[in-house]
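The primary structure of each chain is shown beneath.
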Amino acid sequence: MAARTRYAPDRGLTVRMTATMFLLGLVFVAFVALIIGIMTYAHASGASIILVAVVFGGGSAFVSLFYSDKIALAAAGAREVSPQQAPELHGIVDRLCALADMDKPRVAIAPTRLPNAFATGRNSKNSVLCVTDGLLYHSGLNQEELEGVLAHELSHVAHKDVQVMTYASLLAIVAGLLVRFAFYSELFGGRRDNNSQAALLIPLIMLASAVVYAVSFLLIRMLSRYRELAADRSGALLTQNPSALASALTKVSQGMNRIPTEDLRKAEPLNAFYFAPAAKLNGKSMANLLSTHPSLDKRIEQLAKIQRELGQPGAADPRGIQ
Amino acid sequence: MGFLDTLLGRTKPVQPKLDDLFGLPSAAVQLEAAAGFRPTGSGSVSFRAPEGKPFADIQREVLELLDMDNGKPGGGLPVEVTKDSYGYTWLVCNHLSDEMDALVTDLHAVNTALIDGGFGPQLLCTLVAFADERHRRLSLVYLYKRGTFYPFAPSGSGNDRDNALELQVKGVLGDDLKFEQDLTRWFPVWGAPGL
């Protein structure tokens, strides 16, 4: 059955996200080729450095992926709540999950005054949705706005963002480790051979890793911003209420400006999965380039576009289901 | 969600499945025979009303359509529209308790109208209410996205549900209706209009 749909696909976002991932893949392939090239020339010490970095980097990424829900809950000091303890919150999540036909994540509340929410977990069966006390009680969000925020977080779960971002970060982690290892081995390793060609290898590894790290770092941040926009989009389409999400965003961001009671260092490690980033950087263009979340203006602009699309009588396009 | 959707961070709106609704009249007969629950004659459709005029237009058309046959045999009472505390809209259809067929036809008409208008993904659930002689309340909830039914039996005044009764109903009707096997999806709808 070819059902009518009112969901106009956002080609621009799809293209930009695909391009970012393609570039990340390109960097990955180039880096691996370079490493293999170096390893064929390398003596034992160069090869073992690379091996150790890959094992350590891969291992830590795997552990953080596998335990992402537990780590995030512990870092935020959150506790899981049952439907009896938080009937309202569970009620909203229940309905959104039924609308989206997805598994219900566990629900947790963090005793933090900063208004925020995050969802994490390696797959839909093992995911957890966490909101802060600040978001529930001190942010002044009404029910529809809270629902918009929760729909945004559920979209992160549906999009498997934790997995995608972990895989995307894998290369940067390995490259970052390589820079450090190469640096220390240069400092303390000593020269056991006088072969000038071999002596050049470690600085070369270090240089290549540093470049790869910098480039992939920027690309990952870019990807993270696109994933946020995608989650905004899916969340708004799920609740059919883009303006409520937009209004929640303004309230929550203003809240960040208003109450600086929370130690930023405490909130920082979880930033990539937060609804709105807690750290505020100075210098606008640089901040935009490095931040994990798109700017408020951009997010609100996108939501306004979705709102216009929903309001159009002829928005239905039988082909473009997205 | 396919691999590509995951990669690109997009969700496909889930289209509802409707056909199983017509299993309700025979299930009602079965339920009365085996558990003593009779339909109260009311049923409701719950959906998420989107922003904007197109949806308001369709909703008005649906109401006009449903209220056309009021007063005639099988026509039922006027449809009530309520918005619950979660922001979902409920259309409540009231019929006589032995007019299960007419009720299901009405509910189906609402669903079809919304789907034809392109609002299928906004349908949340359909609910048909039952009660027994001891005034215990029971409802069969149809989840569109799964195409499955589950029982919901609120008990007492607070937010308690009679799990034993719900499981009993699943046992009675399990062969007639497509029941939701995943118990975590039996989400409660406290205070739902029409219950």
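Residues numbered from 1 in each chain as written. Chains lettered and ligands numbered in written order. Predicted model: local features only at pLDDT ≥ 70, side-chain atom pairs only at ≥ 80, totals over all residues.

**Student:** For the overall build of chain A, give the residues involved together with the corresponding values.
**Tutor:** A tally of regular secondary structure across chain A gives 13 helices and four strands. Relative to all contacts within chain A whose residues are 6 or more apart in sequence, the contacts with residues 24 or more apart total 75%. (Helix = DSSP H or I, 4+ residues; strand = E, 2+ residues; numbered from the N terminus. Contact = placed C-beta atoms within 7 Å.)

**Student:** Kindly report on the sheet that holds strand E3 (residues 117-120) of chain A, identifying the contributing residues and their values.
**Tutor:** Residues and elements named next belong to chain A. Spatially, four strands are ordered E1-E2-E4-E3 in an open sheet, and the strand pairing comes out mixed. Single-partner strands in this sheet number two, and they are strand E1 (79-80) and E3. Sheet analysis places strand E2 (residues 106-110) next to strand E4 (residues 128-132), joined by five bridges and oriented parallel. Bridge pairing links Ile 109 to Val 131 in E4. Packing of helix H6 (residues 143-158) onto the sheet brings it into contact with E3 and E4, and relative to E3 it is tilted by some 20°. (Pairing = 2+ DSSP bridges. Axes fitted to C-alpha atoms, helices over the stretch in contact; angles between N-to-C directions.)

**Student:** How would you explain the interface of chain B and chain A if you had to name every residue and give the values?
**Tutor:** Contacts between the two partners involve 32 residues from chain B, matched on the other side by 44 residues from chain A. For the side of chain B that touches chain A, the secondary structure elements donating two or more residues are helix H1 (3-8), helix H3 (53-67) and strand E4 (123-131) of chain B. Considering every element that reaches the side of chain B that touches chain A, the biggest residue donor is H1 of chain B, with three residues. A per-class count over the side of chain B that touches chain A returns 14 nonpolar, 11 polar and seven charged. (Nonpolar A, V, L, I, M, F, W, Y, C, P; charged D, E, K, R; others polar.)

**Student:** Can you explain the pairing of strand E1 (residues 38-47) of chain B? Please cite residues and give values.
**Tutor:** Residues and elements named next belong to chain B. Within E1, nine of the 10 residues are buried, which leaves it mostly tucked inside the rest of the structure. In this sheet, E4 lies alongside E1 in antiparallel orientation, the contact comprising seven bridges. Pairing of Pro 39 across the sheet is with Phe 130, part of E4. (Buried ≥ 20, exposed ≤ 12 C-beta atoms within 10 Å, placed from the backbone.)

**Student:** Tell me about the domain arrangement of chain A, residues and numbers included.
**Tutor:** Residue and element names in this part refer to chain A. For chain A, the domain assignment lists domain 1 (11-68 + 162-213) and domain 2 (81-160 + 223-310). Listed by partner, the interface residues are 14 residues for domain 1 and 10 residues for domain 2. Those elements that place two or more of their residues in the side of domain 1 that touches domain 2 are helix H1 (11-41), helix H2 (44-66) and helix H7 (161-188). For the side of domain 1 that touches domain 2, the leading source of residues is H1, giving six residues. In terms of residue class, the side of domain 1 that touches domain 2 is built from 10 nonpolar, three polar and one charged. (Domains from an automatic or database assignment.)

**Student:** Give a detailed account of the sheet that holds E4 of chain B, specifying residues and quantitative values.
**Tutor:** All names here are of chain B. Overall, antiparallel pairing links the six strands, which are arranged E2-E3-E1-E4-E5-E6 in an open sheet. Strand pairing shows two members of the sheet lacking a second neighbour, strand E2 (80-83) and strand E6 (148-152), which therefore form its edges. For this sheet the average axis-to-axis angle between neighbouring strands, irrespective of direction, equals 25°. Relative to E6, strand E5 (residues 137-143) runs antiparallel, the two sharing five bridges.

**Student:** Hey, could you go over the packing of helix H4 (residues 87-100) of chain A against H6 of chain A for me, with residue numbers and the actual values?
**Tutor:** Residues and elements named next belong to chain A. Between H4 and H6, the least distance of the axes is 10 Å, while the angle of their chain directions is 50°. With respect to their mutual orientation, H4 and H6 come out oblique. The interaxial crossing formed by H4 with H6 has right-handed handedness. When H4 is examined against H6, the residues Ile 92, Val 93, Leu 96 and Ala 100 are found in contact with a partner set consisting of Leu 146, Glu 147, Leu 150, Ala 151, Leu 154 and Ala 158. A class-by-class count of the residues in the contact of H4 with H6 yields nine nonpolar, no polar and one charged. (Parallel < 35°, antiparallel > 145°, perpendicular 65-115°, else oblique. Left-handed = near helix turned anticlockwise from the far one by under 90°.)

**Student:** So what's going on with the nonpolar core? Residues and values would help.
**Tutor:** Formed by 95 residues in total, the largest nonpolar core has its most connected members in Leu 96, Cys 130, Leu 150 and Leu 154 of chain A together with Val 141 of chain B. Not counting the four nearest positions on each side in its chain, Val 141 of chain B is found in contact with Cys 125, Leu 127, Phe 149, Tyr 150, Phe 152 and Val 189 of chain B. Counting 21 residues, the second largest nonpolar core, distinct from the first, contains Phe 31, Ala 172, Ala 182 and Ile 202 of chain A. (Core = buried A, V, L, I, M, F, W, Y, C linked by C-beta atoms within 7 Å.)

**Student:** Requested: an account of H4 of chain A, with residues and values cited.
**Tutor:** For H4 of chain A, spanning 14 residues, the distance from its first C-alpha to its last is 20 Å, which sits close to the expected 20 Å at 1.5 Å a residue. Buried residues dominate H4 of chain A, accounting for 10 of its 14 residues. Residues Gly 91, Ile 92, Val 93, Asp 94, Arg 95, Leu 96, Cys 97, Ala 98, Leu 99 and Ala 100 of chain A constitute the buried set of H4 of chain A. Contacts made by the buried residues of H4 of chain A are with E2, E4, H6 and helix H9 (201-239) of chain A together with E4 and E5 of chain B. Asp 101 of chain A, located one to two residues past H4 of chain A, shows a positive phi value of around 50°. (Expected span 1.5 Å × (residues − 1).)

**Student:** Which residues make up the pairing of E4 of chain B, and what values do they have?
**Tutor:** All names here are of chain B. Among the nine residues that make up E4, eight are buried, leaving the element largely enclosed by the rest of the structure. Both E4 and E5 contribute to a ladder of seven bridges, which runs antiparallel. Its bridge partner being in E5, Leu 127 is matched across the sheet by Val 141. From the end of E4 to the start of E5, which pair antiparallel, there are five residues, and His 135 there has a positive phi angle of about 60°.

**Student:** I'd like to hear about unusual backbone geometry, residue by residue, with values.
**Tutor:** A positive phi angle is found at Asp 101 of chain A, which is not glycine, with a value near 50°. For Asp 101 of chain A, the location among the structural elements is in the loop between H4 and E2.

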